[in-house]
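A look at the structure
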Amino acid sequence: MGLAFHYDPVKGRHDVIAGLTVAAISFPQAMAYALIAGVDPRFGVYSAIVVTVVASIFGSSSHLINGPTSAISLLVFTALAFIDSENSTELFEGLFLLAVLVGGFQIVISLFKLGNLTRYISESVIIGFMAAAAFLLAVGQLGNALGVKDKGNGHMQVLHRVWLTLTRGDHVNYRALTLSAVAVALAVILRRLVQRFRWPQIDMLAVLIVTALIAYVAGWSVLGANGRTAVSVAAKIPRSLPAPHIPEVHTDWLPHLSTGALAIAFVGIIEALSIAKAIAHQTHQAIDYNRQIMAEGLANLAGGFFQSLPGSGSLSRSAINFQSGARTRFSGIVSAATVAAALLLFAPLLRYVPQAALAGLLLVTAARLVDFRRLIYTLKASRYDAGLVLVTAFTGVAIDLDKSVLLGVILSILLFVPRAAKLRATELIVAPERVVRERIPGDPADPAIVIYDLEGELFFGAAPELERYLSEIDRRIADDDIAFAVLRLKRVRHPDVVCIERIEHFLREQAARGVTVLLAGVRPDTLGVLNNVGFQRWFPAEHVFPEEDEQYSATLKAVRYARNRLADPGPKHPFPPEPERAELYYLV
């Protein structure tokens, strides 16, 4: 799991430059995302150190940067909502225990190699989740942006708390509102300048520095005669690195935290793998997904024991890492080390950062969180996709985000199974031009041979469909007094005992009636299952035609075998080599 072999100074220089660039955005993001989660900013900074370095050491992607993210932080806020936010000791212990649970779930998923199950989670669920997360992120920062104290408690629904904050809260602090507006404007302008002139992406850091200077020069972030500042400032972050800490375990918390931890584990994995895959598509790097999931789990587990906010792969920091020329995972280690050094050097200055400025940055982050073009595209695509987006988004806003993720996952699987269970059967015929093709209306039925092509997953969910098609073939055989039936199995996959048993019953029934059934295009996995249950002991081997090469299709061989037997019912090799029998070759 170490860094890539043949590491040289050129790679080192690229990794150091990329790591320093990523650190410039990691520090302000870490503070902002801790604010989203409703916890002390230092835990976000600790996450940008611990989670980032552990994931970089054990991960698979050369460019993925882990740490606190907006989506994960929103889920953390929801998961900790049952704890009184005024009781900071319990809130922080709940945070650390939550991180340990998230890491544990992700490690279990990796150990059982369940990472591939994430592909059954519809992207529409993630789009709906991100839309809900962006909305909640924006409305959740209105209080900080306006300089009023949040009202309500964690047991209330988010929109209810926002309503109380806006209607029954303090008077608007116009100094805070000014700083928020300046932060939003600067963030938009500087991002455009960075993109246009390809400057280093330190726009978020620059916004915090400029707004902090404005607040300091105006005297808004300096303690007044009453011992308070004119605008709320970020909590004081100690000039120290994260220390080991074993979270307190309250058994009555576990039911609440486990639901949130499972949602965070799923979203974290999907977030990390999606970003890793997107970058790997450009770099052509082979990603070991289960190893990356293990890295996510180890990072969050370590974070829980080092006072860190749970994290995942960050889209913005990973993109910056890639665009800055990072070559290996060492860039993540450089980024974490730089954040640690900045924490030791500049921690006292962080108390001058206005919360309103952080809120302004988060409002911009919320707007950037949603790909509106993709959202509209998905809503237009199909009722299936639109339904998943709307249900997930509505659940996230009306109830809470962790339940919206779990509901979306369950809906994805429930809607996937009926689709996967769709088994298609198509009748084929030998056309006058001697081509085996699909039978269309108007084609006369062959009085001696019936050919059916099956396509789909042969698992238990498809058993009713398989039973219906086999009954239909049985009726055709009985009604038309058919002597030979060909079942084309080339496009069926993953047979299980239920479907194999259905096919066995059909074959035995037809054999008892004197009908010869030929199995064409049998794939190795299907053939293996047939042999496992003893087909070779009673089913004639010459009636099975595995798919061996393209020149002589198995379906072609089966049809020729049936034609030969009909022409000469005596014993005969099914594929006579004589040139005069060439007319018996049919194309498929």
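The residue count restarts for each chain, going from 1 along the sequence in the order it is written. For a predicted model such as this one, the threshold for reporting local features is a pLDDT of at least 70, and the threshold for listing and counting side-chain atom pairs is 80 or more; totals across whole chains, interfaces and linings nevertheless cover every residue. Computation of side-chain values: all heavy atoms of the structure, hydrogens and water removed.

Remarks on the overall build of the chain
What counts here: Helix and strand definitions follow DSSP, with helices as H or I runs of at least four residues and strands as E runs of at least two, each counted in order from the N terminus. Values of the radius of gyration come from C-alpha atoms, whereas the globule rule sets the reference at 2.2 Å times the count of residues to the power 0.38. Exposed residues in this analysis have more than 50% of their type's maximum accessible area, buried residues have under 20%, and partly exposed residues fall in between, with area computed by a 1.4 Å probe over protein chains only. Residues are treated as being in contact if the distance between any of their heavy atoms lies within 4.5 Å. When charges are tallied, Lys and Arg are placed among the positive residues and Asp and Glu among the negative ones, while His and the ends of the chain are skipped. Lys charges are placed at NZ, Arg charges at CZ, Asp charges at CG and Glu charges at CD.
Helices and strands together make up the secondary structure of the chain, namely 21 helices and eight strands. Rg of the C-alpha trace for the chain: 32 Å, well past the compact-globule value of 25 Å for 588 residues, more than 25% over. In terms of its C-alpha atoms, the chain occupies a principal-axis envelope of roughly 110 × 55 × 45 Å. Across the 588 residues in the chain, those meeting the buried criterion constitute 51%. Within the chain, contacts between residues at least 6 apart in sequence are counted, and of these 82% link residues at least 24 apart. Of the side chains in the chain, 53 bear a positive and 49 a negative charge, and the two mean positions are spaced by 10 Å.

A closer look at a negative patch on the surface
Which entries qualify depends on this criterion: In this scheme, patches are assembled from residues that exceed 30% relative accessible area and form no salt bridge. Like charges are connected within 9 Å, while nonpolar side chains (Val, Leu, Ile, Met, Phe, Trp, Tyr) are connected within 5 Å. The accessible surface values rely on the Shrake-Rupley method and a 1.4 Å probe; as for residues, cover is taken only from the protein chains in view. A side-chain nitrogen of Lys or Arg and a carboxyl oxygen of Asp or Glu constitute a salt bridge if their distance falls within 4 Å.
A cluster of acidic residues, Asp84, Glu86, Glu90, Glu248 and Asp252, forms a negative patch on the protein surface. As for its placement among the helices and strands, Asp252 is situated in the loop between helix H9 (203-217) and helix H10 (254-283). When its relative accessible area of 53% is taken as the criterion, Asp252 is described as exposed.

Digging into the pattern of salt bridges
One pass over the structure, following the stated rule, counts 17 salt bridges. A salt bridge links Asp453 to Arg488, with the shortest nitrogen-to-oxygen separation between them at 3.5 Å. One end of the pair, Asp453, is in strand S5 (residues 449-457); the other, Arg488, is in strand S6 (residues 484-493), with 35 residues separating them in the sequence. Given the relative accessible area of 11%, Arg488 is considered buried. The salt bridge involving Glu457 is made with Arg493; its shortest N-O contact spans 3.1 Å. Here the residue Glu457 occupies a position in strand S5, and Arg493 occupies one in strand S6, the gap between them amounting to 36 residues. What you see here is one network of salt bridges that share partners, running through Arg424, Asp453, Glu455, Arg488 and Arg491.

Some points on the UniProt feature "transmembrane region" (unreviewed entry) in the chain
The condition that has to hold: UniProt positions are given in the numbering used here, feature names are shortened, and annotations may be inferred rather than shown by experiment.
Feature annotation in UniProt assigns "transmembrane region" (unreviewed entry) to the following positions: residues 16-37, 43-59, 95-112, 124-143, 172-190, 202-223, 253-276 and 330-346. This span, residues 124-143, is 95% helix and 0% strand, and a straight line between its end C-alpha atoms measures 31 Å. From the first C-alpha to the last, residues 202-223 spans 29 Å; its make-up is 68% helix and 0% strand.

Some words on a nonpolar patch on the surface
On the surface, Leu241, Leu344, Leu345, Phe346 and Leu349 cluster together into a nonpolar patch covering about 480 Å² of accessible area. On the secondary structure map, Phe346 appears in helix H13 (residues 330-346). Given a relative accessible area of 45%, Phe346 falls into the partly exposed group.

Observations regarding the sheet that holds S6
Put simply, the rule is: Any two strands with at least two DSSP bridges between them are considered paired. Axes here refer to lines fitted to C-alpha atoms; in helices the fit is confined to the stretch in contact. Angles between the N-to-C directions go from 0 to 180 degrees.
Read across the sheet, six strands follow the order S4-S3-S5-S6-S7-S8 without closing on themselves; strand pairing throughout is mixed. Of all the strands in the sheet, the pair left with one neighbour each is strand S4 (436-438) and strand S8 (544-546). Direction aside, the axes of adjacent strands within the sheet are offset by 25° on average. Relative to S8, strand S7 (residues 516-522) runs parallel, the two sharing three bridges. Directly across from Val522, in S8, lies its bridge partner Pro546. Sheet strands in contact with helix H20 (residues 524-532) are S6, S7 and S8, and its direction is about 135° off that of S7.

Quick notes on the packing of aromatic side chains
Definition in use: Each aromatic pair joins two rings of Phe, Tyr and Trp (for Trp, the six-membered one) with centres within 6.5 Å, and gets the label stacked for planes under 30 degrees apart, edge-to-face for over 60, and tilted for any other angle. Geometrically, a charge over a ring is one whose NZ (Lys) or CZ (Arg) sits within 6 Å of the ring centre while staying within 35 degrees of the ring normal.
For the structure on display, the rule yields 12 aromatic pairs. Relative to Tyr352, the ring of Tyr216 has its centre 5.4 Å away and its plane inclined at 85°; by these criteria the two rings are edge-to-face. Pair noted here: Tyr216 is in helix H9 and Tyr352 is in the loop between H13 and helix H14 (355-369), with a separation of 136 residues, a long-range link. For the ring pair Phe459 and Phe460, a centre distance of 5.2 Å and an interplane angle of 70° mean the geometry is edge-to-face. For Phe459, a relative accessible area of 17% puts it in the buried group. Its relative accessible area of 56% is what places Phe460 among the exposed residues. Site record: aromatic cluster; members linked through ring pairs are Phe43, Tyr46, Phe92 and Phe96. Over the aromatic face of Tyr289 sits the side chain of Lys277, whose NZ or CZ is 5.6 Å from the ring centroid. Positioned above the aromatic ring of Tyr469 is the side chain of Arg468, whose terminal nitrogen or guanidinium carbon lies 4.7 Å from the ring centre.

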